[in-house]
Amino acid sequence: NAGVTQTPKFRVLKTGQSMTLLCAQDMNHEYMYWYRQDPGMGLRLIHYSVGEGTTAKGEVPDGYNVSRLKKQNFLLGLESAAPSQTSVYFCASRRPGRFRGYTFGSGTRLTVV
Amino acid sequence: AQTVTQSQPEMSVQEAETVTLSCTYDTSESDYYLFWYKQPPSRQMILVIRQEAYKQQNATENRFSVNFQKAAKSFSLKISDSQLGDAAMYFCAYRPTQGGSEKLVFGKGTKLTVNP
């Protein structure tokens, strides 16, 4: 049981380049999330999905897009990367109903130069 | 706005000793969840302990326990018999039960060092 898997684990982008971060979960969770973690800032919610085919904005959505075409996958896209998007990105998932906490992936460290 | 404050950016403890990490939060909600997450150098976020606000009994998980003071909006984590593997960043987090918000509000973290 792999849980939540994020690919890639590390990436360096040039300003203006685009990329997609992939999150895959094998726990049949309905809800999936993308957070970013910056030094001294804790984790902040970018986008989330409450089911296949649905997405919603979180706290810091600007500059990112997401898609949830399959229940097990949640993609985070950067159309035109900026240095301000240098961060560690975490995917998380959970079952619906009473909140018992997330299962997190191991993160993707993205550097935009 | 709901906020979570961890006033100790860094803490240290001797192996086998006890340490308490502080967390306070601000909310007008009466029902909510509180969490402590551990993030070791591997970066993986691991759920340590969970507390539901309507439960007066403090949650306990093996060597980890909380002191939940609802009126004071305080949620501290006590680690007993500290082990080298406890060294990590610890994040306190809050989520209301109602309101439809899917956001988990995190504090900025406390870095715990365990000295042999």
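Residues numbered from 1 in each chain as written. Chains lettered and ligands numbered in written order. Predicted model: local features only at pLDDT ≥ 70, side-chain atom pairs only at ≥ 80, totals over all residues. Heavy atoms only, no water.

J.: Looking at this structure, how should I read the pairing of strand E8 (residues 64-69) of chain B?
T.: As a general feature of sheets, a regular strand has side chains that alternate between the two faces. All names here are of chain B. Here 2 bridges tie strand E7 (residues 60-61) to E8, and the two strands are oriented antiparallel to one another. Residue pairing in the sheet places Thr60 in a bridge with Ser65 of E8. The turn joining E8 and strand E9 (residues 74-79), which pair antiparallel and follow one another in sequence, is formed by 4 residues; a positive phi near 55° is taken by Lys73. (Pairing = 2+ DSSP bridges. Helix = DSSP H or I, 4+ residues; strand = E, 2+ residues; numbered from the N terminus.)

J.: Looking at this model, I keep getting lost on the interface of chain B and chain A. Mind explaining?
T.: Counting from both sides, the interface comprises 22 residues of chain B and, opposite them, 28 residues of chain A. Across the chain B/chain A interface, buried area totals approximately 2000 Å², and carbon plus sulfur atoms make up 50% of it. Linking chain B with chain A are 0 salt bridges, by the criterion used here. One can count 8 residue pairs in polar contact (both at pLDDT 80 or more) joining chain B with chain A. Where the side of chain B that touches chain A is concerned, the elements lending two or more residues are strand E5 (32-39), strand E6 (46-52) and strand E10 (88-96) of chain B. Ranked by the residues each element gives to the side of chain B that touches chain A, the list is headed by E5(B), at 4 residues. (Contact = heavy atoms within 4.5 Å. Buried area = accessible area lost by both parts, 1.4 Å probe. Salt bridge = Lys/Arg side-chain N within 4 Å of Asp/Glu carboxyl O. Polar contact = N/O pair within 3.5 Å; in protein donor to acceptor, adjacent residues only side chain to side chain.)

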